[in-house]
Amino acid sequence: MSRYRKAPKGPVIFRIALAVVLVGACVGGLVFALQNTNRLPLSASSAQQPESSSSAASTAVSSSTPESSEPPVQKPVSITILGAGDDLIHDTIYKQASQRAGGKGFDFTPVYARIADDIKNADISVVNQETVLASKVAPLSGYPRFNSPVELGDELVNLGFDVINHANNHVLDQNQKGLAATLDYWATKPSVKVIGAYRNDADMENIRIVEAKGIKTAHIGITEMTNGLYLPKDSPYRIIYADNTQLIERLIKKAKTMADVVVISVH
Ligand SMILES: [Zn+2]
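Residues numbered from 1 in each chain as written. Predicted model: local features only at pLDDT ≥ 70, side-chain atom pairs only at ≥ 80, totals over all residues. Heavy atoms only, no water.

Among the eight residues that make up strand S8 (residues 215-222), seven are buried, leaving the element largely enclosed by the rest of the structure. Counting the residues between successive antiparallel strands, the hairpin from strand S7 (residues 208-212) to S8 contains two residues, one of them, Lys 213, with a positive phi of roughly 50 degrees. Pairing of S8 with strand S9 (residues 261-266), which is carried by six bridges, proceeds in the parallel orientation. Among the inter-strand pairings, Ile 222 is bridged to a residue of S9, identified as Val 266. (Buried < 20%, exposed > 50% of the residue type's maximum accessible area, 1.4 Å probe, protein only. Helix = DSSP H or I, 4+ residues; strand = E, 2+ residues; numbered from the N terminus. Pairing = 2+ DSSP bridges.)

Here it is as structure tokens:
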């Protein structure tokens, strides 16, 4: 676990605490691009106060200066972003979940029990969902080409994840058909934002924004590769590969105009 604290230049303060929970085997990461050009209005008087990064210091300054009509300095705003992953569902895991449910569906609850509170307590929770949820169109499968039951997605929603990243090396394990089925499943869960795999260019350009305590965060998912599997050349679907630096730069620049913080899930 690591924590980030960023002292801002303006009076509106972001304190972003990042908690990373690892539950799988692949290597991924979250990258934060903090933007100092706050979207909230800055008042001229408070912007001139060098002590504005500390509310305690600001209070002392305002009480000792005659200009008591100055507007009060805004209190720091703090959010926690939790990153979890990789959620890599081997066949032993879904077989256990099936047994637990007595063969009627799947019970994944115990798998996440020890991190459930952390996920709920974070203001924004992001998970790298390493396997596709294409059980409606292809048989369940473990290593090496995974396919997980949609009930796993239900569990992620119940846990309180806000962002689901599918940009990883297993996203094409069940080919385009599996990716399409996965996105179709997530379309029935409007409480979560899905990143890293997109239906088409317009979907990819629609950068996902999640807001907490007035702080807007933008989310983009990038993967290095997809285990030698590729979308058909004429496919409308989109995956952002790490070597497409021009696209990534452009999307990040766009995201910065839309949000206070840009969160990149890199796999
Ligand atoms: Zn992976």
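Scanning the model with the defined rule gives three aromatic pairs in all. Plain terms: the ring middles of Tyr 143 and Phe 146 are 6.3 Å apart, the flat faces sit at 75 degrees to each other, and that makes the pair edge-to-face. With relative accessibility at 1%, the residue Phe 146 sits in the buried group. (Phe/Tyr/Trp six-rings, centres within 6.5 Å; stacked < 30°, edge-to-face > 60°.)

A word on the pattern of salt bridges. All told, the structure shown has eight salt bridges when counted by the stated rule. One salt bridge connects Arg 208 with Asp 203, and the closest N-O pair in it is separated by 2.8 Å. We classify Asp 203 as buried; its relative accessible area is 17%. (Salt bridge = Lys/Arg side-chain N within 4 Å of Asp/Glu carboxyl O.)

The subject of this paragraph is the pairing of S9. Of all the six residues making up S9, five are buried; the element is thus mostly covered by neighbouring parts of the structure. With helix H9 (residues 245-258) bridging S8 and the parallel S9, this β-α-β connection has right-handed handedness. (Right-handed = clockwise from strand over helix to strand, strands pointing away.)

On to helix H7 (residues 175-186), then. For H7, built from 12 residues, the straight-helix expectation of 16 Å at 1.5 Å per residue is met to within 8% by its first-to-last C-alpha distance of 17 Å. Those residues of H7 that are buried lie in contact with helix H6 (150-159), strand S5 (163-165) and strand S6 (193-195). (Expected span 1.5 Å × (residues − 1). Contact = heavy atoms within 4.5 Å.)

Looking at where Val 150 falls in the secondary structure, it is placed in helix H6. Overall, Val 150 belongs to the buried group, its relative accessible area being 10%. Sequence spacing of Val 150 and Ala 181 is 31 residues, and the spatial spacing of their C-alpha atoms is 9.8 Å. In this structure Val 150 touches Leu 133, Ser 135, Lys 136 and Tyr 185, once residues within four positions along its chain are discounted.

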